[in-house]
Amino acid sequence: MRLNKFWTDSSFQTEVERIALQTKNVLMTSSTKTRAMPAVEHKLNVSEEEVPEHIRLIASQQGECTKTKKQTIEQFRSYIMERNECQPHRNDDKYLEKFLRARYWKIENSYRLLCSYYKFREHNKSYYEKVRPLDLRHLGDSDILTVTPYRDQHGHRIIIYRFGLWRPNRVTVDDIFRATIVLQELGSLEPISQIMGGVAIFDLKDLGLEHILHLSPSVAQKMIALLVTSMPIRTSALHIVNQNWVFNAGFKIFKPFLNSAMRERLYIHGSDMSSLHKHIDPEHLPKRYGGLHDDYSYTLWLDMLKEQSTESSVQKDMEQLGFIFH
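Keep in mind that this is a model prediction, so the values were computed, not measured. (Residues numbered from 1 in each chain as written. Predicted model: local features only at pLDDT ≥ 70, side-chain atom pairs only at ≥ 80, totals over all residues. Heavy atoms only, no water.)

### Digging into the sheet that holds strand β5 (residues 266-270)
Consideration 1: Judged by pairing direction, the sheet is mixed, and its 5 strands sit side by side in the order β1-β2-β3-β4-β5 without closing on themselves. The strands lining the two open edges of the sheet, one partner per strand, are β1 (145-147) and β5. Going from strand to strand, the sheet's axes swing by 15° on average, the running direction of each strand aside.
Consideration 2: Across 4 bridges, the pairing between strand β4 (residues 235-241) and β5 is parallel. Looking at the pairing, L238 lines up with L266 of β5.
Consideration 3: The strands touched by helix α8 (residues 173-187) within the sheet are β1 and β2 (157-162), with β1 carrying the most contacts at an inclination of about 0°. (Pairing = 2+ DSSP bridges. Helix = DSSP H or I, 4+ residues; strand = E, 2+ residues; numbered from the N terminus. Axes fitted to C-alpha atoms, helices over the stretch in contact; angles between N-to-C directions. Contact = heavy atoms within 4.5 Å.)

### Some words on the nonpolar core
Consideration 1: Judged by nonpolar contacts, the single largest core of 77 residues is most densely connected at F76, L139, Y161, F202, Y298 and F323.
Consideration 2: Counting 11 residues, the second-largest nonpolar core is a separate cluster that includes V199, L276, L285 and Y289. (Core = buried A, V, L, I, M, F, W, Y, C linked by side-chain atoms within 4.5 Å. Buried < 20%, exposed > 50% of the residue type's maximum accessible area, 1.4 Å probe, protein only.)

### A word on the packing of aromatic side chains
Consideration 1: Throughout the structure, instances matching the rule amount to 12 aromatic pairs.
Consideration 2: With centroids separated by 5.2 Å and ring planes inclined at 75°, the aromatic side chains of Y79 and Y111 adopt a geometry described as edge-to-face. Separated by 32 residues along the polypeptide, Y79 in helix α4 (residues 69-83) and Y111 in helix α6 (residues 107-123) bring together distant segments of the chain. Y111 carries the same exposure label as Y79, and that label is buried.
Consideration 3: Ring geometry for Y161 and F202: centres 5.1 Å apart, planes at 70°, overall edge-to-face. In this pair, Y161 is assigned in strand β2 and F202 in strand β3 (residues 198-203), connecting sequence segments 41 residues apart. (Phe/Tyr/Trp six-rings, centres within 6.5 Å; stacked < 30°, edge-to-face > 60°.)

### Describing the confidence of the model for the protein
Consideration 1: Per-residue confidence for the protein averages 86 on the pLDDT scale, and 87% of its residues sit at or above 70.
Consideration 2: This stretch, residues 1-35, has a pLDDT under 50; its non-local contacts, to residues over four places away or in other chains, come to 8 contacts. (pLDDT = per-residue confidence, 0-100.)

### Things to note about the packing of helix α5 (residues 93-102) against α6
Consideration 1: Axis separation between α5 and α6 bottoms out at 8 Å; the angle between their running directions is 115°. Relative to α6, the element α5 is oriented roughly perpendicular. By crossing handedness, the relation of α5 to α6 is classed as right-handed. Packed against α5, whose contacting residues are Y95, F99, L100 and A102, the element α6 presents I107, S110, L113, L114, Y117 and Y118 at the interface.
Consideration 2: For the contact of α5 with α6, a count of residues per class yields 9 nonpolar, 1 polar and no charged. (Parallel < 35°, antiparallel > 145°, perpendicular 65-115°, else oblique. Left-handed = near helix turned anticlockwise from the far one by under 90°. Nonpolar A, V, L, I, M, F, W, Y, C, P; charged D, E, K, R; others polar.)

As structure tokens, then:
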């Protein structure tokens with residue numbers, strides 16, 4: 001009752017409002033000073049020299065040893081040749097290393113990943129051969145997917161799908177796969193990403209039945225192959241946000257293809273961004289998810305490929321996979 005009396009006193013309310021406004025201004029000023037985001041550049045970190053010391057330590061905890069690295073890679077190369085179940089288009093140290101990193105330097109597991117990768121390529125040649133990445137700009141214009149140019153607090157790149165923006169009559173499922181593969185292949189060239197992997201956010205806001213109609217078990221299997229089982233880069237977690245009732249129908253299609261390990265790394269947050277923030281700090285998220293960053297279009301990565309990669313090994317690596325840039 002006494003509290004109610006205070007709040008009915010107009011002078012008290014005015015004072016409270018004044019203090020609240022003053023506090024808000026101070027916090028906003030402080031936030032601007034301490035949390036101003038640096039300019040973000042779309043740049044691949046393809047050099048081993050760019051790996052920070054704390055991530056090198058994580059790499060060593062994952063089984064990477066500078067003293068025995070060359071020996072392990074040689075053992076892996078011999079293992080591939082002896083079994084001859086798949087024939088990689090390259091077997092140099094740098095190329096084989098990313099498969100070993102993706103499976104914590106366990107040769108048998110790395111070999112299974114290698115074979116799974118080439119099996120996926122063989123069964124989906126149209127996603128690689130004669131694909132022109134620079135012709136996928138309409139994916140960026142639609143804002144269906146992108147990878148953040150920055151990393152989260154653990155060093156992960158973040159791939160974001162906004163399926164509610166997808167218009168199947170304008171963008172095919174196959175083009176979504178092609179665009180995903182381009183991003184995954186680029187990420188697999190980065191030593192930091194090879195060590196830390198990445199995370200995925202599936203934003204299902206405005207997901208409708210017209211989307212579910214295009215999500216067959218075959219499509220679900222390919223998506224999981226790209227994010228979990230068949231690419232030389234780990235997906236450390238899958239985060240689902242803004243799901244609605246349609247999600248249940250879609251999830252029934254995807255669930256059979258999730259292994260037990262991936263189910264443990266699947267997090268469903270709804271519209272509760274504080275739940276997402278327990279995994280990804282807001283300083284490393286777009287504003288739409290309670291973070292500080294602007295949205296960055298997929299096309300910015302294509303611009304990077306066009307402008308920055310012509311003088312590096314990136315374009316050459318991508319062309320060896322079948323992609324065309326000229």
